[in-house]
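As a plain string of letters, each chain reads:
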Amino acid sequence: MMESRTTEQEYVLRTARDNDVKFVRLWFTDILGNLKGFAINVDDLEEAIVQGVGFDGSAIEGFARATEDSYRIDESDMRAYPDPTTFAVLPWRPRQNAVARMFCDIYSPGGDPFMGDPRLALKRNLERLSQMGYTYYVGPELEFFYLEKPEMDSSNKLRPPQPLDLDGYFDQLSSNPTADLRRDTVLNLSDMGIPVKYSHHEGAHSQHEIDLQYTDALTMADSVITAKLAIKELAQLRGFHASFMPKPFTGVNGSGMHTHQSLFKGDVNAFYDPEDEYRLSSVAKRFISGLIRHAPEITLVTNQWINSYKRLVPGYEAPVYISWARSRSDLVRVPSYKPGYETSVRIEYRAPDPACNPYLAFSVMLAAGMKGIEEEYPEVPPVEGNVFAMSRDEFQAQGIRVLPGSLGEAISIAEDSALLREALGDHILESYIRNKRLEWQKYRATVTDYEIEQYLPTL
């Protein structure tokens, strides 16, 4: 159980007073990455930091012990312990009687870490990494769509989503409303201590990207959750809708969350080697080898929805083939090296989409890469040329595999993964797979509009 952290506690209480904070939202996620939480009065904040706050965990996805028939039953109360380092005022809320947020770690009433908490799962992986002398840094690129507010038609079905702009990649043709929304989001995130490196229009109509500044994985996972909420809330305040659905439109690019990664030992980038052609050390190349070998089994976590696999198809810049190079067509990309910027040498894993749970996604990417380092996997040679233009014989000659093509396939691969079990623990992995299996079974039993249009008139 957490102990009182006097200095941090004093900082939080003083900052709350200085900003007229009256309510503090205590945040955590379920296993799917859905943001959960409840608000407490600021007068109860000090006690909450020290003693935690009890809540009923039986209604939280993945927190309850499961059976095949019911997977939200028979769970004792939990306690949420706010992390004082995550205190931040929500700048889009009123400044008088302001609202702040804090991320929480979840414990059992007896004081044991709750094994179903995704944030604690990432912390366990990072602690193990720390014992080896490393720090894991990540920088995700969040892609999303700004859309008209969803409405129902006369038959009570959701109308097709409508984009807010018709611009394309890097276009600067208009500022209202999407560019202004993106600008307001960047400013609000900055007010919360979440720096943004880049923001721009993406390739599809009304598709946008916000790249968060590289930092340690735990801070970044908290920041991703916060950024997604900020993007959605600021759009909603202006009567619009922001979506992180991986593929909301047929025939255009989907939204990814390309994740740049590196390992540091102190201030030294363990991925950098000045003598290598790619400026990559043996540590970096074995990390890549781990990602390449374990990519099929971690895909269930980095791409967790049925819709995720509508993005992972040829022709729309998303990765399909398990390879690495400098090309943007590969699963793992090595950004070009700029002389004098050794700390910026990194690798980019391009499969994840922004609808994943970042705590679990960072955990499994790290676990895959570290397995390559610890077990000294043979270095996988880079692929030269466009993998999408290669023949089947060329694929076979180079031993190039493909990512799972559906959620069902991803589930089958993940079920037997020792790596996922080690990275996530029994509780999370079994609850997660059970949830995904039920989702896949429901989808398989659903007749889609595509099937009606294609088959009903002629069959």
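This one's a predicted model, so the numbers in the text were calculated from it and none came from an experiment.

*Asks:* Teacher, can you tell me more about the packing of aromatic side chains here?
*Replies:* Tallied over the entire structure, the rule returns 13 aromatic pairs. For the pair F38 and F55, a centre-to-centre distance of 6.0 Å together with 45° between the ring planes defines the contact as tilted. Taken as a pair, F38 in strand β2 (residues 35–41) and F55 in strand β3 (residues 53–56) lie far apart in primary sequence, 17 residues in all. On the basis of relative accessibility, which here comes to 10%, the residue F55 falls in the buried class. An angle of 45° between the planes, with centres 5.6 Å apart, marks the rings of F144 and F244 as tilted.

*Asks:* How should the confidence of the model for the protein chain be read in this particular structure?
*Replies:* Low-confidence regions, as indicated by low pLDDT, have predicted coordinates that should not be scrutinised in detail. This prediction gives the protein chain a mean pLDDT of 89; 94% of its residues lie at or above 70. Below pLDDT 50 for its whole length, residues 66–74 participates in 20 contacts with residues either more than four positions away or in separate chains.

*Asks:* Explanation requested: the pairing of strand β4 (residues 77–82) in the structure shown.
*Replies:* A regular strand carries its side chains on alternate faces of the sheet. For β3 and β4, the ladder comprises 4 bridges, and the chain directions are antiparallel. Residue pairing for β4: G54 is matched across the bridge by R79. By the bridge criterion, 4 bridges tie β4 to strand β6 (residues 98–107) in an arrangement that is antiparallel. Within β6, the position partnered with R79 by the bridge is Y107.

*Asks:* For this particular structure, what's the right way to read the side chain of N307?
*Replies:* Counting through the fold element by element, N307 comes out in the loop between α6 (282–302) and α7 (308–311). With a relative accessible area of 16%, N307 lands in the buried category. Polar side-chain contacts of N307 include one of 2.7 Å to the backbone nitrogen of K247. Dropping the residues within four chain positions of it, N307 is found in contact with M245, P246 and K247.

*Asks:* Explanation requested: the packing of helix α10 (residues 407–414) against helix α11 (residues 418–444) in the structure shown.
*Replies:* Packed helices, taken two at a time, are described by their axes: the angle between them and the distance between them. The N-to-C vectors of α10 and α11 enclose an angle of 145°; their axes lie 10 Å apart at closest approach. Both α10 and α11 take part in a crossing whose hand is left-handed. Here L407, G408, I411 and A414 of α10 come into contact with α11, specifically with L420, I433, K436, R437, E439 and W440. Classifying every residue of the contact of α10 with α11 gives 6 nonpolar, 1 polar and 3 charged.

*Asks:* I keep staring at helix α1 (residues 6–18) and nothing clicks. Help me out?
*Replies:* Think of an α-helix as turning once every 3.6 residues; residues three or four places apart then point the same way. Compared with an ideal rise of 1.5 Å per residue, which puts 13 residues at 18 Å, α1 spans 18 Å between its outermost C-alpha atoms and is within 8% of the ideal. Q9, V12, L13, T15 and A16 are the residues of α1 that are buried. Buried residues in α1, looked at end-on, bunch into an arc of 165°, giving them a common side. Opposite its buried face, α1 presents the exposed residues T7, R17 and D18, each directed more than 90 degrees away. On its buried face, α1 is in contact with β1 (21–29), α2 (45–51) and β6. Taken from the residues just after α1, D20 is the one with a positive phi, measuring 55°.

*Asks:* Any chance you could explain the nonpolar core here in plain terms?
*Replies:* Taken as a class, soluble globular proteins show a tendency for nonpolar side chains to be buried jointly. Counting 95 residues, the largest nonpolar core has Y136, L263, F287 and F362 as its most contacted members. In terms of residue count, helix α5 (residues 217–237) provides more of this core than any other element does, 12 residues in total.

*Asks:* Any chance you could explain the environment of L263 here in plain terms?
*Replies:* Considering the arrangement of structural elements, one finds L263 in strand β12 (residues 259–265). For the pair L263 and Q207, spaced 56 residues apart in sequence, the C-alpha to C-alpha distance is 31 Å.

*Asks:* So what exactly am I meant to see when it comes to the environment of S329 here?
*Replies:* By the element assignment, S329 lies in the loop between β15 (324–325) and β16 (332–333). Residue classification places S329 among the buried positions, given a relative accessible area of 10%. Sequence spacing of S329 and N269 is 60 residues, and the spatial spacing of their C-alpha atoms is 26 Å. When neighbours within four sequence positions are excluded, S329 is seen to be in contact with R350, N386, V387 and F388.

*Asks:* Which parts of the structure should I look at to understand the pattern of salt bridges?
*Replies:* Side chains bearing opposite charge may pair, as long as their charged atoms lie close to each other. Per the counting criterion, the structure on display carries 19 salt bridges. As a salt-bridge pair, D105 and R119 come within 2.8 Å of each other at their nearest N and O atoms. With D105 in strand β6 and R119 in helix α3 (residues 118–131), this pair connects stretches of sequence that are 14 residues apart. Neither D105 nor R119 differs from the other in exposure class; each is buried. The network of salt bridges with shared partners includes D83, D105, R119, K123 and D222.

*Asks:* For this particular structure, what's the right way to read unusual backbone geometry?
*Replies:* Even without glycine at this site, D20 takes up a positive phi of about 55°. Secondary-structure assignment places D20 in the loop between α1 and β1. Of note in this structure, N97 is not a glycine but carries a positive phi near 55°. On the basis of relative accessibility, which here comes to 40%, the residue N97 falls in the partly exposed class.

The rules behind the values
- Residues numbered from 1 in each chain as written.
- Predicted model: local features only at pLDDT ≥ 70, side-chain atom pairs only at ≥ 80, totals over all residues.
- Heavy atoms only, no water.
- Phe/Tyr/Trp six-rings, centres within 6.5 Å; stacked < 30°, edge-to-face > 60°.
- Helix = DSSP H or I, 4+ residues; strand = E, 2+ residues; numbered from the N terminus.
- Buried < 20%, exposed > 50% of the residue type's maximum accessible area, 1.4 Å probe, protein only.
- pLDDT = per-residue confidence, 0-100.
- Contact = heavy atoms within 4.5 Å.
- Pairing = 2+ DSSP bridges.
- Polar contact = N/O pair within 3.5 Å; in protein donor to acceptor, adjacent residues only side chain to side chain.
- Axes fitted to C-alpha atoms, helices over the stretch in contact; angles between N-to-C directions.
- Left-handed = near helix turned anticlockwise from the far one by under 90°.
- Nonpolar A, V, L, I, M, F, W, Y, C, P; charged D, E, K, R; others polar.
- Expected span 1.5 Å × (residues − 1).
- Arc of directions from axis to C-beta.
- Core = buried A, V, L, I, M, F, W, Y, C linked by side-chain atoms within 4.5 Å.
- Salt bridge = Lys/Arg side-chain N within 4 Å of Asp/Glu carboxyl O.

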